[in-house]
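The primary structure of each chain is shown beneath.
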Amino acid sequence: MSFPITRLRRLRKSPAIRNMVRETVVNRDDLIMPYFVCPGEGVRNPIKSMPGNYQLSVDLLVEEIKDLYSTTGIDKVLLFGIPEKKDEDGSVACHQDAIVPRAIRALKKAVPEVMIVADVCNCEYTTHGHCGTIVDGDVNNDLTLKTLAAQSVTLAEAGADIVAPSDMMDGRVAAIRKALDENGFENTPIMAYSAKYASAFYGPFRDAAESAPQFGDRSTYQMDPANSNEALREVREDINEGADMVMVKPALSYLDVINRVKATFNIPVVAYNVSGEFSMVKAAAQNGWIDEKRIIKEILTSIKRAGADIIITYHAKEFVLNSVSP
Ligand code: PBG
């Protein structure tokens, strides 16, 4: 049947009917809020390129996550660390007194209800800022697997609920799964950054985590933004190696990839609404050019509509606060 029998406007007539037929709703439980933890006490360094985000020392991180949980009910966070010292291969992150393990222990004591996802990567911990061990001017895949596995076990021992490797080395999910299992962490899930692109949208994050590469870029390990068939191969490999969830990152310029992954695989799909996507919204809002609350809701809804089950976003806290207020 077509017009005049079919009139699609009938189902748009009132808020009640629109609410009834709405296909996609972003829920608080879909969201993971990222944080940056740094050494010291009482430290709250504003991240200039990410308004409203801070490098927090462990004590203030604990306060912030208590506040997150009590004001919004969000009970999922992702942690990144800024270490006091860096080294050649990131082994500084493989000890219980490293910054993220310390933060995890403090959080588990203070707010045990909050689930902690620990990012696994070397770029915050290496002097050169690359995600792995350098041999002959490039990141060596198989050597890097060793530090990634060791870092994952350290994080699980500290109490991380989920480990999330973001390095894009081949075979890392298998290496991490094996190391976790050998150390008694067979029940710790792996959230794999499977289709992670070599993206300019990570710019503000590299200020936040002080992790910009000191030479070259990440295009020998992160994916070419032009490819989506390859994303399906990456996801398939990670699932075969034992990933429990797979991620597409960034989100907004890759909604087609999220959609293909969701349509192809029967596994929870995570999308990372990254720093550059966040900061562009903030910049436009500060200029009064956009309606920020509506934009944030539309962005998160579109990421979910594309097929994401879970969204990592710096907007998580404000989104939930905005949606409870009138
Ligand atoms: C570490 C890592 C990065 C992000 C998450 N994990 C940066 C990078 O690959 O350079 C980016 C997150 C964001 O931009 O919000 N490898």
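Given the structure is predicted, the values throughout are model-derived calculations rather than measurements.

About the thresholds
- Residues numbered from 1 in each chain as written.
- Predicted model: local features only at pLDDT ≥ 70, side-chain atom pairs only at ≥ 80, totals over all residues.
- Heavy atoms only, no water.
- 1 Å grid on protein atoms, 1.4 Å probe; cavity = no way out; pocket = protein on both sides within 12 Å on 5 of 7 lines; lining within 4 Å.
- Points joined across faces, edges and corners; volume = space filled by probe spheres on them.
- Nonpolar A, V, L, I, M, F, W, Y, C, P; charged D, E, K, R; others polar.
- Helix = DSSP H or I, 4+ residues; strand = E, 2+ residues; numbered from the N terminus.
- Phe/Tyr/Trp six-rings, centres within 6.5 Å; stacked < 30°, edge-to-face > 60°.
- Buried < 20%, exposed > 50% of the residue type's maximum accessible area, 1.4 Å probe, protein only.
- Lys NZ or Arg CZ within 6 Å of the ring centre and 35° of its normal.
- Core = buried A, V, L, I, M, F, W, Y, C linked by side-chain atoms within 4.5 Å.
- Contact = heavy atoms within 4.5 Å.
- pLDDT = per-residue confidence, 0-100.
- Near = heavy atom within 4 Å.
- Polar contact = N/O pair within 3.5 Å; in protein donor to acceptor, adjacent residues only side chain to side chain.
- Areas by Shrake-Rupley, 256 points an atom, 1.4 Å probe, with all protein chains shown as cover.
- Sits in = over half its atoms within 2 Å of the grid points.
- Salt bridge = Lys/Arg side-chain N within 4 Å of Asp/Glu carboxyl O.
- Axes fitted to C-alpha atoms, helices over the stretch in contact; angles between N-to-C directions.
- Parallel < 35°, antiparallel > 145°, perpendicular 65-115°, else oblique.
- Left-handed = near helix turned anticlockwise from the far one by under 90°.

With that settled, the discussion passes to empty space enclosed by the protein. This structure, assessed with the given rule, holds 2 cavities of 30 Å³ or more. What lines the largest cavity is a set of 19 residues, among which C123, K196, Y202, F205 and K249 lie closest to the centre. Looking at the lining of the largest cavity residue by residue, the classes come out as 9 nonpolar, 4 polar and 6 charged. If you add up the space inside the second largest cavity, you get close to 30 Å³. A93, A98, I99, V100, P101, Y125, Q151 and L155 are the residues that line the second largest cavity. Contributions of two or more residues to the lining of the second largest cavity are made by α3 (99-110) and α4 (141-158). Here the lining of the second largest cavity takes 3 residues from α3, the largest share from any one element.

Our focus in this paragraph is the packing of aromatic side chains. Counted by the stated rule, this structure contains 8 aromatic pairs. Ring geometry for F36 and Y314: centres 6.3 Å apart, planes at 5°, overall stacked. With F36 in strand β1 (residues 31-38) and Y314 in the loop between β12 (310-313) and α11 (316-324), this residue pair connects regions lying 278 residues apart in the sequence. You can call F36 buried: its relative accessible area is 1%. Their ring planes at 45° and their centres at 6.1 Å tell us that Y272 and Y314 sit as a pair that is tilted. A residue pair is termed long-range when its members are at least 10 positions apart, and Y272 in strand β11 (residues 269-273) and Y314 in the loop between β12 and α11 qualify at 42 residues. Comparing Y272 with Y314 shows no difference in burial state: the two are buried. By the ring-pair criterion, three or more aromatic residues cluster together here, those being F36, F80, Y193, F205, Y272, F278 and Y314. The residue whose ring lies beneath R44 is Y54, and the NZ or CZ to ring-centre distance is 4.1 Å. Sitting over the face of the ring of Y202, K196 holds its NZ or CZ atom 5.5 Å from the ring centroid.

In this section: the nonpolar core. Of all hydrophobic cores here, the largest spans 78 residues; its most connected members are Y35, L61, L79, I104, I258 and V261. Among the elements that line this core, the one with the most residues is α4, at 7 residues. Not counting chain neighbours up to four residues away, the residues in contact with Y35 comprise L56, L61, E64, I65, L68, V77, L78, L79 and F80. Core analysis: the next-biggest nonpolar cluster, separate from the first, contains 26 residues, I47, I162, M191 and V274 among them.

Let us now look at the confidence of the model for the chain. Chain-level statistics for the chain give a pLDDT mean of 97 and a share of 99% at 70 or above. Mean pLDDT across the secondary structure elements of the chain bottoms out at α11, with 93, and peaks at β12, with 99.

With that out of the way, let us pick up the site of the ligand. Residues in close proximity to the ligand total 18 residues, the closest being K196, R206, K249, S275 and Y314. In the environment of the ligand, an oxygen atom lies 2.7 Å from a nitrogen or oxygen atom belonging to the side chain of R206. Between the ligand and R218, the relevant distance is 3.0 Å, taken from an oxygen atom to a side-chain nitrogen or oxygen of the residue. Burial of the ligand by the protein amounts to 100% of the accessible area it has alone, namely 400 Å². The cavity that encloses the ligand is the largest cavity. Its residues placed into classes, the shell around the ligand shows 10 nonpolar, 3 polar and 5 charged.

A separate point is the pattern of salt bridges. Counting across every chain of the model gives 16 salt bridges. Here D238 ties to R172 by a salt bridge, and the two come within 3.1 Å at their closest N and O atoms. One end of the pair, D238, is in helix α7 (residues 229-241); the other, R172, is in helix α5 (residues 172-182), with 66 residues separating them in the sequence. Overall, D238 belongs to the buried group, its relative accessible area being 3%. Through salt bridges with shared partners, a single network forms among E64, D67 and K317.

As a further point, take the packing of α7 against helix α8 (residues 255-264). Between α7 and α8, whose axes approach to 10 Å, the crossing angle comes to 45°. If you check the angle between α7 and α8, you find them oblique. For α7 against α8, the interelement crossing comes out right-handed. On α8, the residues touching N229, A231, L232 and V235 of α7 are V257, R260, V261 and T264.

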